Amino acid sequence: MLQASEVMRLDKFRPVRPLVGLFVLPLAGCNLKSLNALYTAGSVSAQQRDLIIITAVLMLFVFIPVVFFTLFFAWRYRASNEKAKYSPNWSHSRLLEVFLWGGPIVIIAILGVLTWNSTHALDPYKGLVTEGDKDPVRVDAIALSWKWLFIYPEYNVAAVNEMAMPVDTPISMRITSDTAMNAIMIPRLGSQIFAMSGMRTKLNLVANQKGRFFGKNYQYTGEHFAAEKFQAVAMGQQRFKEWIQNAKASGQNLDKARFASLTKPSHIEDVIYFAPVKSQLLDHVVQQYNNGTPRNRLTKTAER
Amino acid sequence: MLGRLSLQAIPYDNVIIMSAVALMAITGAVVVGATTYYGQWGYLYREWLTSVDHTKIGIMYIILAFVFLLRGFVDAAMMRAQQATAGPGQSGYLSSEHFAELFTGHGTMMILFVAMPLIIGMINLAVPPQIGARDVAFPFLNSVSLWLTYAGGMLIMVSMALGQFGTAGWTGYTPFSEQAFTPSTGVDYWIWAIQISGIGTTLTGVNFLVTILRERAPGMTLMRMPIFTWSALITMVLVVLAFPALTVALGMLSLDRFFDFHFFTGDMGGNQMMYINMFWIWGHPEVYIVILPAFGVFSEVTATFCNKRLFGYKTMVYALAVIAFMSFGVWVHHFFTMGQDALRNSIFAIATMIIGIPTGVKIYNWMATMFRARIEFKQPMLWTLGFILLFTIGGMTGVMLAIPGIDYKAHNSEFLVAHFHNVLIPGTIFGMFAGYTYWFPKAFGFRLDEKWGRHAFWGWSIGFTVAFMPLYVLGAMGMPRRMASYSNPEWTPLLWVAALGAVIVMYGIVCQIIQLISSIRNRHRLADLTGDPWGGRTLEWAMSSPPAEYNFPVIPRVHGIDAFMDMKENGTAYQRPAEYGDIHMPQNTAAGLILGIAAFVFGFGLIWYIWWLAILAGLVMMGAVIWRSCTDDVEFTIPADEVKHIEDERFRKIALASQQTDVIDSESRGRVNIDGEPLSPG
């Protein structure tokens, strides 16, 4: 579980910290830790949180004047206030209109630059670079009804409903679905990406803290959608090795037949480990939807 | 014989559904019984069901919308109650299947059977008189549109008693909405309810495009049109361009479901991403289809109740046009998480934000209109102020969601749910309530009670805030949308707050019902004798309330923006014309009603695989169209004498109003006098 020593990291935006508190605290019932989108555990997620805060503050420059002037005008120019100036035919002012268009244009221009840069920086397909240039751990994730299968091709092991990851090491995921469209999401680590049958999507994540993080399919898929969840477990290198060994010792062979039984719609609470795993399983799952033929042009977007 | 329909299709075992069905049946029986008891079937049939009059069609659209608003709200309240009571260790009172039906039905009904008919209803009420026209360009087509919309709505109603409604969400994402995952009737009900009403909407689009472009009074150039008419014109351009995309997407999906095609299945060359693209190519413009007319209403209301010209008329028109144009280039922001590269996501993200510019300008223009004004806080103005304050929050969170880096986190979460409700409720719904309270006296000849209207406003505004602000926080806490149950205890308190919000909204709705009843009972006290209860600026206020069948005995001549205000200032507003002429008006016809009923049966047959019934209904539809096309005698004449008689009565009421000005109500005090009008007829 979470350690008490884990504190929200807002180092980059120390000056705006009180502002964040102002917005977030009263709403969250004073429990900052439950705000998964802001209480981050990985660098991707931390950058997204910063983006949320910067944008929210920028938006306040629009919001506060609108609220202030609307209320002020409503009070000042109420019909019963005979003292206020009344110009019933005043309906045009070139100078004012320049400002009315100019203001939003400037704010959107700033946001546009921010968007361009952050979208490129936070592209989920982009490989992550961590201190010491660690090689990423490859994970093949397959969405099933209603569980997730995580395959570690480098180690020839797999797990259902649990995704182990060494801390401070990039995770490079390939994702597909053997059921309806899913969307994989681990709020404290960052991005969400769709999982679609016959297609492969990618996601790169990193955990900078140890811990167990809630993960889930966010795209509605029917009966057990709500109950379905998995845990992303960030652990030290040594513990990760032990986790792999433990999975290897499970003695459950994930062959074609076992995988077929796993794909049957069902909800599983428990974690199941598999080793060995049928090689190239994710590619086989993708190709079975394409009759083994090369994917057509339309699927290219998800295939980059 | 009956396809897959059997007695098992009735969900006997579900107490909640069966009581709703019972309630529906009792309500229906009461309506039918009362109509029979009072012997009103003939009146109903002659004056309403077969009517091609735009005012009556508008009213019938709005009645449909209010019925579905109640149903959609009950669904919402049930979902709030479920989520509040389905935390860890609890199970709530609904099955996950039933919960899915609720969120699918709620979304479908609120967008397509509340927002759309409200908007089309308001446009029907106000646009023809605003442009000085006697009716729409194609009055019969208008009736067809109405009854097709009713046919779609009735399919949703029937889905409660027979089979089930869709469970794939109102967006029906493939491949979950395909046969393989949702084989029951649900998705078929959803498809055909939308398809049939969607055809009606497309026809409305054509109808009003032609009406606005071709039926304007002499002198009313495009840049003199009232801003609500402008918003209607631009909305109808969007309707005509966007709805076919939905029709095609759902048509392809039904081919998948009926004939095992593989357009969107994900295998055999099918592509699920394609459906989502096509859906949002309609779906994003649809967002503006439901918001732009509301912007139009707010513009009219602001100018009227500020007793001042609208600030920046041209800017408002350009802003509308820019929003509409841009709305076709942003659909990808509904799925930034699908795996496109950063370049594509950035382009669509920035395009999305650019829409924020004209939208912001519009808000500033309404504020500028309030500057140096004389603001009267009548109900329509209250809804407008509530809109400006609350909608701005929705706009802010919209810009946030438009940034892919944030959307990666917030997509499919309660944050998203909070955002779109935050634009649709203060935007569309408040806008339509403003229009409802604004044009109600025009349609019925008496105003709506102010006191209950204010209660309703506060109920909705506070209720909305209490219900949806917690959802933003829940989104930040990582709560996904569409959860029938959950295991995180930290979500429960906020979900209880949201449920409380729904209760407060319910207070607002109850007040609106009381308001309607009380206003009908006090209709004499609230009567609008002049036709101009608010000091209006546009031509609809130059007619009597309720308007005569022909709207204007003599088509007015327009010399500028705010045509009626000009007339009042020039002293020509209440002048009697030298003489009246015969007026030709379209005849009522049952063809639209028959088409609607046949379309309902057609959809029902397809949903249950009763092919002979579908074919039969199809033939009836074709027959009705052919019969109507072969009818030459579609007009009738109101002789000049009768016109004079009706108009004499109108001027008698105006004269009466001027005698009673002090007595009637201080609210409409001296409106006519102030403008220096000749009050007595002639």
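Placed above this text is the structure.
Conventions we followed
Here the residue numbers are simple positions, counted from 1 along each chain's written sequence. The naming scheme follows written order: chains are lettered A onward, ligands numbered 1 onward. Only residues with pLDDT of at least 70 get local features here, since the model is predicted, and only at 80 or more are side-chain atom pairs given and counted; chain-wide, interface and lining totals rely on the full set of residues. Excluding hydrogens and water, the side-chain figures rest on all heavy atoms present in the structure. The secondary structure listing takes helices from DSSP runs of H or I that are at least 4 residues long and strands from runs of E that are at least 2 residues long, numbered from the N terminus. Whether a residue is buried, partly exposed or exposed follows from its accessible area with a 1.4 Å probe, protein chains only, as a fraction of its type maximum: under 20%, in between, or over 50%, in that order. Any pair of residues with heavy atoms lying within 4.5 Å of one another is described as a contacting pair. Strand pairing requires that DSSP identify at least two bridges connecting the strands. Each axis is a line fitted through C-alpha atoms, taken for helices only over the stretch in contact, and angles between the N-to-C directions span 0 to 180 degrees. The criterion for an aromatic pair is that two Phe, Tyr or Trp rings (for Trp, the six-membered ring) have centres within 6.5 Å, with stacked assigned to planes under 30 degrees apart, edge-to-face to planes over 60 apart and tilted to the rest. Comment: the charge-over-ring label is applied if NZ (Lys) or CZ (Arg) is within 6 Å of the ring centre and within 35 degrees of the ring normal. The term buried area refers to how much accessible surface (probe radius 1.4 Å) is lost by two components on association, counted for both of them together. Between N or O atoms, a polar contact is any pair within 3.5 Å; within protein, one atom must be a potential hydrogen donor and the other a potential acceptor, and residues adjacent in sequence are included only when both atoms are from side chains. Three classes are used: nonpolar for Ala, Val, Leu, Ile, Met, Phe, Trp, Tyr, Cys and Pro, charged for Asp, Glu, Lys and Arg, and polar for all others, with Gly counted as polar. The patch calculation keeps residues exceeding 30% relative accessible area without a salt bridge and links them within 9 Å when they carry like charges or within 5 Å when they are nonpolar (Val, Leu, Ile, Met, Phe, Trp, Tyr). Here the accessible surface of atoms and residues is derived via Shrake-Rupley with a 1.4 Å probe, and residues count as covered only by protein chains that are part of the display. The term salt bridge refers to a side-chain nitrogen of Lys or Arg lying within 4 Å of a carboxyl oxygen of Asp or Glu. When charges are counted, Lys and Arg are positive and Asp and Glu negative, with His and the chain ends excluded. Think of each charge as sitting on NZ of Lys, CZ of Arg, CG of Asp or CD of Glu.

A. Focus on the overall build of chain A. Along chain A, the regular secondary structure elements total seven helices and eleven strands. In chain A, which comprises 304 residues, the share counted as buried stands at 54%. In chain A, of all internal contacts separated by at least 6 residues, the share reaching a separation of at least 24 is 70%.

B. Summary view of the sheet that holds strand β10 (residues 230-235) of chain A. Residues and elements named next belong to chain A. Across the sheet, which stays open at both edges, the five strands sit in the order β4-β10-β9-β6-β7 with mixed pairing between neighbours. The two strands at the open ends of the sheet, each matched to only one other strand, are β4 (162-166) and β7 (192-195). Here the strands of the sheet are splayed against their neighbours by 25° on average, with no regard to which way each runs. As paired strands, β4 and β10 are joined by five bridges and run parallel to one another. Looking across to β10, one finds that Ala164 is bridged to Val233.

C. Inspection of the packing of aromatic side chains at higher detail. Residues and elements named next belong to chain B. Scanning the entire structure with this criterion turns up 75 aromatic pairs over all chains. Here a set of aromatic residues connected by ring pairs shows up, and it is made of Phe66, Trp383, Phe430, Phe433, Tyr436, Phe440, Phe444, Phe446, Phe457, Trp458 and Trp460. The ring centre of Phe140 lies 4.3 Å from the NZ or CZ of Arg628, which sits over that ring. The residue whose ring lies beneath Arg650 is Phe651, and the NZ or CZ to ring-centre distance is 5.2 Å.

D. Geometry of the interface of chain B and chain A. Chain B puts 91 residues into the contact, and the matching count from chain A is 95 residues. Its largest share of buried area at the contact with chain A, chain B owes to Arg374, Tyr408 and Lys409 of chain B, together 11% of the area lost on that side. Linking chain B with chain A are 22 residue pairs in polar contact (both at pLDDT 80 or more), by the criterion used here. Looking at the side of chain B that touches chain A, the elements that each hand over two or more residues are α4 (96-130), α8 (272-305), α9 (313-326), α10 (342-370), α11 (379-401), α12 (404-410) and α14 (450-476) of chain B. In terms of residues, the side of chain B that touches chain A owes the most to one element, α10 of chain B, which gives 18 residues. Here the residues of the side of chain B that touches chain A sort into 54 nonpolar, 25 polar and twelve charged.

E. Molecular detail of a negative patch on the surface. Residue and element names in this part refer to chain B. The grouping of Glu549, Asp582, Asp641 and Glu642 at the surface amounts to a negative patch. By the secondary structure assignment, Glu642 is in helix α19 (residues 640-664). By relative accessible area, Glu642 is classed as partly exposed at 42%.

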